[in-house]
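The lines below spell out each chain.
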Amino acid sequence: MATIQSDSVYVPVMARVLDIRPMTRLEKLLTVELPGGQSLGNEPGQFVEVSIFGIGEAPISISSSPSRSNGSFELCVRNVGDVTSALHQMEPGAMVGIRGPFGAGFPTEKMKGKDLLFAAGGLGLAPLRSLINEVLDQRSAFGRVIILYGTKHPSEILFGEELEAWAQREDVEFHMTVDRGDEDWQGHVGVITTLFPRFTINPRNTIAATCGPPIMYRFVLMELLGKGIPEAQIYLSLERRMKCGVGKCGHCQINDLYCCQDGPVFRYADIKGLEEAL
Amino acid sequence: MSLWVIDKQSVDPFITRLMTAYRVVGPVAKGVKFAFEEIEDPADLRLDYNTSILPPKKYLQPQEERLMTFTRTGQPVAQQVIDAPPTVILGVHTCDLHGIRVLDEAFSQGYPDASYLKRRANTLLVGIECLEPCDEESFCKSMGTLTVKNGCDLHLTDLGGSYAVDVGSEAGAALLDKYGEARRATDTDMKQLNKALSAKWPRFPYKLDFDVDELAAVMGQSYDNKLWDELAEICLACGQCTLVCPTCFCFNVYDEVELNLKDGERRRRWDSCQLDEFARVAGGENFRAHQATRLRHRFMRKGRYLLERYGELGCTGCGRCARSCLVDISPVNVFNELHGCRV
C-alpha cells in the first residue's frame, strides 16, 4: 500500500504537468512529474486520483510503465467530465494534485515465463499499455506476447507510433482492427473478436489481460474461454467511480468488493459470480 | 469496569462542568421526537429519550465536513483541515454504540481516515442502558445490540433516583473523577442495578425469526430473491434509510470555491447508494441502474458485506430506517422474509 508522501490519504501531492499532447479528438496524454522527481512507485494497472482544486478529483489509470518512470508518469485522459475537461485545457507547467497510486494492478511476477495475450478496446489500451511496456522492457522473462487492439474508427487510435513499433517487433504478435474504416484505412475491419481466429495459443500456458468498455468484456471473455484459457488466468481491469480511492466512500463497490482496493484489476475467476461486475 | 453511582440532582452540575471543557452533545426534545444536539442548558438533556431522528454518528462523521482548504492560483496548494473539537456525547444507546464500532472499523482498517479518527479520538462516549424498547420498530435484542461489551467511556443505567455509572475506559474514569460527583456503588446499588438489568430483558421482544448468526448466510443465499424486485416496486429511492442509518458511512467529495475564485475547500458529505447516480461512471454507464439492485446492495451491506469486511454486522436493529421509510420497508421484515424463502 505504498503511496506517495502526503499529510493524509485525502490530501494530494502537487505535481507538475510536464507535457500535454493531443492524441485524438477526445484524448490527451499528460506527462506528470512529482515534486523532487520522486518515483510514483506504481504497478501496471494501478490508478491515481487527479485533482484540480475548485473542479474536483477523478480516478485516472496510469498509462506509463514503472520500467520507464524517469521521474515522471503518463496519464491518457479522455475528456468526459468536469475534471478531465479541465485537464484538457491545461498548459505544460500547470500543477495538478495527485493521490495514489491505488488499487491492485496486474501480477507481473506471476506472468513471467507465460505466454501473454493482451486485448484492449478503445481507451482500455491506456492501463494495458503500462503492463505491455513493462513486459516488453523485460521481454526475455516472458513467453509469446500477443497484442490485440480494437477501436471504433482509425481517428480514435491511441499511441499510434508505439503501436507501429510493436507491430514491427519480431517478438510481438500484434493484431489491430477498427469497427469501421475510412478511405485511408488499409488494415482489418471488424470488432475485436474478429481478430481471434488469426492466431492459436497454448491455453494452459497463457495469461490474458483485457481492458475495454463494459460491452466488450462479454464478447472478449467468450473468445478467451473459447481458446481454452482457464478463468483464473484471465485478468480484467474494471472502471468504476472511485471517488476516494481508499475503500471508504462506497461508490466503486462491486457486490462485496471495492474496485479501488480489490481491483481495478480482477481475475475473471474471482468476479464471474458477481452480477454487478460486468 | 468499576461501578459508581451519581445522584440525579448531580447530573446537571456534572454537565455544566463538562461544558466548560467540552462540546457536550446529547438527546434533546425536537417536537414530539428527539435529536442529538449540542447542549446549551443541562435541563434540555433528555436521557429518557426513546430514539433520536439521526444517530449520534453525525458528531463523528458530520453530514458535511471540510477535508482541506486550498489555494487555486499561483502555486496551488492544499492544507488538511480536521474540525475535531473535544466532545462528550451523552446518552448513547447500545445500538448506536454498536454503530460507532462499525464506523471505527471502517475508518481505521486499510487506509486510516485521519478526519474521522481524530474526531473519534477527541470524543468521549457516555452510553445509557435501554430499559424499555424505543417503539415497535426496534429489534436490537434480535441483533445482539441490547447490551454493550465495550466501546463507551462511561455507561449509565437509570436506577430511579440515581444512575449507576460503569467506567469503560481510563478516559471515562478521568472524566468522572474531574467533572462528576459520583460515589462508589454499594451492595444495595449493585442489587438495584442487577434487578433493573434482569427486569428489562423480557420487555424486549425477539423479532428476528432466526438466530442473528445466520444472517450473513441467509443474505448470501438471497441474492437472486424476487423480493428485491417486489420491494423496488414500492421503494421511492429517496435515500432516507441511508441518511438515518448508524452504520452508513458512504460519502461524496466536492470542491467549493470562494467568491475571490482563489481560495476554496474540498468537502465531503453523506451520500446514498439508493440514489440513481451513486454507481454511475463518467462514461455514462450505471452499474446499479435499477432500484432493485440498489436496494439489494444496501441490505447486503447491512446483513453481510460489512460483517465480512469489518467483523461487525451492519445492522444494529435501531429501527430508524423503518421509522423513516415512507412505504414501510422494515429490515427485520426483509430479513425474516428472506429467511422464510430459504426454508
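Bear in mind the structure is a predicted one, so any value in this text is a computation, not a measurement.

### Observations regarding the overall build of chain B
Thought 1: Within chain B one finds 12 helices and 12 strands.
Thought 2: Taken over the C-alpha trace, chain B has a radius of gyration of 22 Å; the compact-globule value for 343 residues is 20 Å, and the two agree within 12%.
Thought 3: Summarising its shape, the C-alpha atoms of chain B cover approximately 65 × 65 × 40 Å along the three principal directions.
Thought 4: Every one of the 343 residues in chain B was classed for burial, and the buried ones make up 44%.
Thought 5: Counting only contacts in chain B whose residues sit at least 6 apart along the sequence, the fraction spanning at least 24 positions is 71%.

### Topic: the interface of chain A and chain B
Thought 1: Each partner contributes residues to the interface: chain A has 31 residues there, and chain B has 36 residues.
Thought 2: Of the residues assigned to the side of chain A that touches chain B, the class counts are 13 nonpolar, nine polar and nine charged.

### Description of the pairing of strand 9 (residues 173–178) of chain A
All names here are of chain A.
Thought 1: Pairing of strand 8 (residues 145–151) with strand 9, which is carried by six bridges, proceeds in the parallel orientation. Opposite Leu-148, over in strand 9, you have His-175 as the bridge partner.
Thought 2: Taken together, strand 8, helix 4 (residues 160–168) and strand 9 constitute a β-α-β crossover, and its handedness is right-handed.
Thought 3: Pairing between strand 9 and strand 10 (residues 188–189): two bridges, direction parallel. Counted as the bridge partner of Val-178 is Val-189 from strand 10.

### A word on the packing of helix 8 (residues 227–234) of chain B against helix 10 (residues 291–310) of chain B
Residue and element names in this part refer to chain B.
Thought 1: Here helix 8 crosses helix 10 at 110°, and the two axes come no closer than 8 Å. Compared by their axis directions, helix 8 and helix 10 come out roughly perpendicular. The element helix 8 and its partner helix 10 pack so that their crossing is right-handed. Side by side, helix 8 and helix 10 meet where Trp-228, Asp-229, Leu-231 and Ala-232 of the first sit next to Gln-291, Ala-292, Leu-295 and Arg-296 of the second.
Thought 2: Class assignment of the residues belonging to the contact of helix 8 with helix 10 gives a composition of five nonpolar, one polar and two charged.

### Points about helix 3 (residues 114–121) of chain B
Residues and elements named next belong to chain B.
Thought 1: Residues of helix 3 that are buried: Ser-115, Tyr-116, Arg-119 and Arg-120. Looking straight down helix 3, one finds its buried side chains confined to an arc of 125°; they lie on one side.
Thought 2: Check the buried side of helix 3 and you find it contacts strand 4 (64–71), helix 2 (94–108) and strand 7 (123–128).

### Things to note about the domain arrangement of chain B
Accessible area lost on assembly of the parts is the figure often given for the size of an interface.
All names here are of chain B.
Thought 1: Here chain B is described as being made up of domain 1 (3–203) and domain 2 (212–252 + 272–342).
Thought 2: Computed over C-alpha atoms, the centres of domain 1 and domain 2 are 26 Å apart.
Thought 3: Put simply, the parts of the chain that give the side of domain 1 that touches domain 2 at least two residues each are helix 2 and helix 4 (140–143).
Thought 4: The element that contributes the greatest number of residues to the side of domain 1 that touches domain 2 is helix 2, accounting for nine residues.
Thought 5: Looking at the side of domain 1 that touches domain 2 residue by residue, the class counts come to 11 nonpolar, nine polar and five charged.

Conventions used here
- Residues numbered from 1 in each chain as written.
- Chains lettered and ligands numbered in written order.
- Predicted model: local features only at pLDDT ≥ 70, side-chain atom pairs only at ≥ 80, totals over all residues.
- Helix = DSSP H or I, 4+ residues; strand = E, 2+ residues; numbered from the N terminus.
- Rg over C-alpha atoms; globule rule 2.2 N^0.38 Å.
- Buried ≥ 20, exposed ≤ 12 C-beta atoms within 10 Å, placed from the backbone.
- Contact = placed C-beta atoms within 7 Å.
- Nonpolar A, V, L, I, M, F, W, Y, C, P; charged D, E, K, R; others polar.
- Pairing = 2+ DSSP bridges.
- Right-handed = clockwise from strand over helix to strand, strands pointing away.
- Axes fitted to C-alpha atoms, helices over the stretch in contact; angles between N-to-C directions.
- Parallel < 35°, antiparallel > 145°, perpendicular 65-115°, else oblique.
- Left-handed = near helix turned anticlockwise from the far one by under 90°.
- Arc of directions from axis to C-beta.
- Domains from an automatic or database assignment.

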